[in-house]
Amino acid sequence: MSTYDPDNIFAKILRGELPAHKVYEDDDILAFMDIFPLSEGHTLVIPKKPSRNLLDIDPDVLCTLMRGVQKVARAVVKALNADGFQLRQYNEAAAGQEVFHTHFHIIPVREGQRPGPRPQEMADQEQLAAVAARIRAAF
Ligand code: 5GP
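Here is what the cut-offs are and how they apply
Residues numbered from 1 in each chain as written. Predicted model: local features only at pLDDT ≥ 70, side-chain atom pairs only at ≥ 80, totals over all residues. Heavy atoms only, no water. 1 Å grid on protein atoms, 1.4 Å probe; cavity = no way out; pocket = protein on both sides within 12 Å on 5 of 7 lines; lining within 4 Å. Points joined across faces, edges and corners; volume = space filled by probe spheres on them. Helix = DSSP H or I, 4+ residues; strand = E, 2+ residues; numbered from the N terminus. Nonpolar A, V, L, I, M, F, W, Y, C, P; charged D, E, K, R; others polar. Pairing = 2+ DSSP bridges. Axes fitted to C-alpha atoms, helices over the stretch in contact; angles between N-to-C directions. Near = heavy atom within 4 Å. Polar contact = N/O pair within 3.5 Å; in protein donor to acceptor, adjacent residues only side chain to side chain. Areas by Shrake-Rupley, 256 points an atom, 1.4 Å probe, with all protein chains shown as cover.

Caption draft 1: Representation of the layout of surface pockets in the model. Here the largest pocket is characterised by a volume of approximately 620 Å³. Residue lining of the largest pocket: 27 residues in total, with Phe-10, Asp-34, Ile-35, Phe-36 and Leu-44 positioned closest to the centre. Within the residue set of the lining of the largest pocket, elements represented by two or more residues are α1 (9-14) and β2 (29-33). Per element, the largest residue contribution to the lining of the largest pocket is three residues, and it comes from α1. Looking at the lining of the largest pocket residue by residue, the classes come out as 16 nonpolar, seven polar and four charged.

Caption draft 2: Seen up close, the pairing of strand β1 (residues 22-25). Across three bridges, the pairing between β1 and β2 is antiparallel. By the bridge assignment for β2, Tyr-24 is matched with Ala-31.

Caption draft 3: Spotlight on the sheet that holds β2. Judged by pairing direction, the sheet is antiparallel, and its five strands sit side by side in the order β1-β2-β3-β5-β4 without closing on themselves. The open sheet has two free edges, formed respectively by β1 and β4 (84-88), since each of these has just one partner strand. Taken over all neighbouring pairs, the strand axes of this sheet differ in orientation by 20° on average, direction set aside. Pairing between β4 and strand β5 (residues 104-109): five bridges, direction antiparallel. Residue Arg-88 lies in a different strand from β5, and its bridge partner there is His-105.

Caption draft 4: Layout of the site of the ligand. Around the ligand, a shell composed of 17 residues is seen, among which Asp-34, Gly-96, Glu-98, His-103 and His-105 lie nearest. Taking Met-33, its main chain carries an N or O atom lying 2.8 Å from a nitrogen atom of the ligand. A distance of 2.8 Å separates an oxygen atom of the ligand from a polar atom in the side chain of His-105. Expressed as a share of its isolated accessible area of 520 Å², the protein-covered part of the ligand is 89%. Going through the elements one at a time, α1 and β2 are the ones with two or more residues in the shell around the ligand. Among the elements that take part in the shell around the ligand, α1 stands out by supplying three residues, more than any other. In terms of residue class, the shell around the ligand is made up of ten nonpolar, four polar and three charged.

Keep in mind these values describe shape, not function.
Structure below.
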């Protein structure tokens, strides 16, 4: 299994080297908008401590991350007036992982809606900023 690459996209977002539409941050986790959303409000939650995925993450870091995932999911569902949400998480390329810093996808869903497919183009930055603001206001 490969080791952690500190130059992955999410590590760069954590270091402030790449921009992100942040919705929540504390000492342990960061949540921000996915730029190829599968539904409006698609949010990613990551731990600040480096790990590739669930295979190498410290269990204590995972527990803290999951508390954060619940907190962020509640805000996402409230802000988007969603009827539910999907929680997705991929481990290694074979399973669909593309960014090798542990993350959970929170994908809000309305009754009768099926999230996806992945959009061909990056979401509009103003729309992402507006959704992020609604989510921040829902904590
Ligand atoms: P994975 O397949 O690794 O679970 O998902 C990685 C996610 O990161 C994808 O949903 C993709 O749209 C998202 N993503 C890729 N590059 C960036 C980026 O530069 N910024 C943000 N906010 N999301 C990204």
